[in-house]
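Chains, contacts and geometry: an overview
Now for the letters of each chain:
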Amino acid sequence: DPREVSIVSLAQNVTIVEGDEVVLKCSVHNMGAHQQIIWRRGFEVIAAGPVLLKIDFRYSVVMGTGSSRLTIQSIALEDGGEFVCQVQTDQGMKEVKHQVIVQVPPSIHPIPMEGVVTAKKGESVSLRCNTTGVPIPTIAWHKSVGTAPGGHSSCGGSCYTIPYVDLAAGGDYICSAVNGVGHPHHATITLHVLYPPRVKCDTDQVQGGGGVLLVLGCLVHGEPAPTVNWFRDGQLLDTSSRRYRMEWNLDKRTHSLVVKKSEAYDFGNYSCVASNLMGTTRSFIEVHGRPSNLTFYSSKHLSSPHYYQVKWTTTSHYIVDMYTLLYRKIDGFSD
């Protein structure tokens, strides 16, 4: 019947990104003056004719001749679903259904939110990121610098597990979420590896005395950052005194004990002791007054074949009272 009322709009499957605008259309053929186009979603009636029944400023309805256009601005995930356009006719209710699928770009954040995880050297640790988005995002992991031996994805991709934490495992890890909507989203987790202090002195002995300035240095590192003390012959030194001071070079991670004017009183066995909650480590330097850096010069023969001249130099902050020269004959040596 050419006078039969019918909906001529075709059903739509609309996929839209959260925050965008969607427009749903409904056109009715032979619509009477007293008939109204109804929009509903589920049991909720959104609009009846030109009257918007849903209290939401993002929704609007515009009527035309035998048509209705429903607009949703700044669409949200909860706006998705089945929208039905319907009109009551003598033959019964006529309707067409539009399916709206709202996609959400990926979002990801570290657990804990501050993005810092600590683990002891030798332990196993799992880093975790939580993600949201529609469709459900996939998560990829990578370390900003280097690799973590044995590290692998777990928990369905939400975790990155390192079975044995060593010092190389410390650093920043990036978890990235991708679902094909918008741009990938990233989060960073910083792994701090806790380990006992490591201490290494610049040398195992140094010559002092004579009022010279001495700088005893040791390389110190550990996590948490160790505290450092200096001892001489087992006695803790007061590094705030006028005799000593302590210096710290952050870039080189070097702790130094400065002896401002070293004398014989300062001779002894010094220890650089570093401590943190993981343990205590020490390294030793001997301060002595013995001559050092003994060096022989090239020898020259005297005019007599019975004599041989030997020259040497040494470093000492005190007068050398005696030299002892040891020598031996080399078999088969001839002039």
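The structure reproduced in this document is the subject of the present report. (Residues numbered from 1 in each chain as written. Predicted model: local features only at pLDDT ≥ 70, side-chain atom pairs only at ≥ 80, totals over all residues. Heavy atoms only, no water.)

1. Topic: the layout of surface pockets
Gaps between atoms show up when a probe of the same size as a water molecule is rolled over them. In this model, the second largest pocket occupies a volume close to 200 Å³. Residue lining of the second largest pocket: Leu-167, Gly-170, Leu-191, His-192, Val-193, Tyr-195, His-221, Gly-222, Glu-223, Ala-225 and Arg-253, and that is the complete set. For the lining of the second largest pocket, the elements supplying multiple residues, two or more each, are strand S17 (185-201) and strand S19 (214-223). Top element by residues in the lining of the second largest pocket is S17. It accounts for 4 residues. Here the residues of the lining of the second largest pocket are counted per class, giving 5 nonpolar, 4 polar and 2 charged. (1 Å grid on protein atoms, 1.4 Å probe; cavity = no way out; pocket = protein on both sides within 12 Å on 5 of 7 lines; lining within 4 Å. Points joined across faces, edges and corners; volume = space filled by probe spheres on them. Helix = DSSP H or I, 4+ residues; strand = E, 2+ residues; numbered from the N terminus. Nonpolar A, V, L, I, M, F, W, Y, C, P; charged D, E, K, R; others polar.)

2. Examining a nonpolar patch on the surface
Among the surface-exposed residues, Leu-294, Phe-296, Val-310, Leu-325 and Tyr-327 lie close enough to one another that they form a single nonpolar patch of about 560 Å² accessible area. Position of Leu-294 among the secondary structure elements: in strand S26 (residues 292-296). Given a relative accessible area of 52%, Leu-294 falls into the exposed group. (Patch = residues over 30% accessible without salt bridge, like charges linked within 9 Å, V, L, I, M, F, W, Y side chains within 5 Å. Areas by Shrake-Rupley, 256 points an atom, 1.4 Å probe, with all protein chains shown as cover. Salt bridge = Lys/Arg side-chain N within 4 Å of Asp/Glu carboxyl O. Buried < 20%, exposed > 50% of the residue type's maximum accessible area, 1.4 Å probe, protein only.)

3. What about unusual backbone geometry?
Between Val-134 and Pro-135 the backbone carries a cis peptide bond, its omega angle lying at 0°. Among the secondary structure elements, Pro-135 is positioned in the loop between strand S12 (125-134) and strand S13 (138-143). Residues Glu-223 and Pro-224 are joined by a peptide bond in cis, for which omega reads 0°. Among the structural elements, Pro-224 can be located in the loop between S19 and strand S20 (227-232).

4. Examining the pattern of salt bridges
Within this structure, the stated rule accounts for 10 salt bridges. Ionic pairing is found between Asp-56 and Arg-58, a salt bridge with its closest N-O pair at 3.0 Å. Across the pair, exposure class does not vary: Asp-56 and Arg-58 are buried alike. Across the salt bridge formed by Asp-79 and Arg-58, the nearest N and O atoms sit 2.6 Å from each other. Of this pair, Asp-79 sits in the loop between strand S8 (67-72) and strand S9 (81-89) while Arg-58 sits in the loop between strand S6 (51-52) and strand S7 (59-64), and the two are 21 residues apart along the sequence. On the accessibility criterion, Arg-58 (14% relative accessible area) is buried.

5. Looking at the sheet that holds strand S1 (residues 6-7)
What links the strands of a sheet is backbone hydrogen bonding, and the strands pair in either a parallel or an antiparallel sense. If you trace the 4 strands from one edge of the open sheet to the other, you get S1-S3-S8-S7, paired in antiparallel fashion. Strand pairing shows two members of the sheet lacking a second neighbour, S1 and S7, which therefore form its edges. (Pairing = 2+ DSSP bridges.)

6. A short note on the packing of aromatic side chains
Taken as a whole, this structure holds 4 aromatic pairs when the rule is applied. Arranged with centres 5.7 Å apart and planes meeting at 40°, the rings of Tyr-160 and Tyr-173 form a pair that is tilted. Taken together, the residues Tyr-160 in strand S15 (residues 159-162) and Tyr-173 in strand S16 (residues 171-178) connect sequence positions 13 residues apart. Between the aromatic rings of Phe-296 and Trp-312, the centroid separation amounts to 6.1 Å while the plane-to-plane angle is 65°, which identifies the pairing as edge-to-face. Of this pair, Phe-296 sits in strand S26 while Trp-312 sits in strand S27 (residues 312-315), and the two are 16 residues apart along the sequence. The exposure class assigned to Phe-296 is partly exposed, which follows from its relative accessible area of 48%. (Phe/Tyr/Trp six-rings, centres within 6.5 Å; stacked < 30°, edge-to-face > 60°.)

7. Description of the side chain of Ser-262
One can find Ser-262 in the loop between strand S23 (254-259) and strand S24 (268-276). Those residues in contact with Ser-262 that sit more than four places away from it in its chain are Gly-208, Gly-209, Gly-210, Gly-211, Val-212 and Leu-214. (Contact = heavy atoms within 4.5 Å.)

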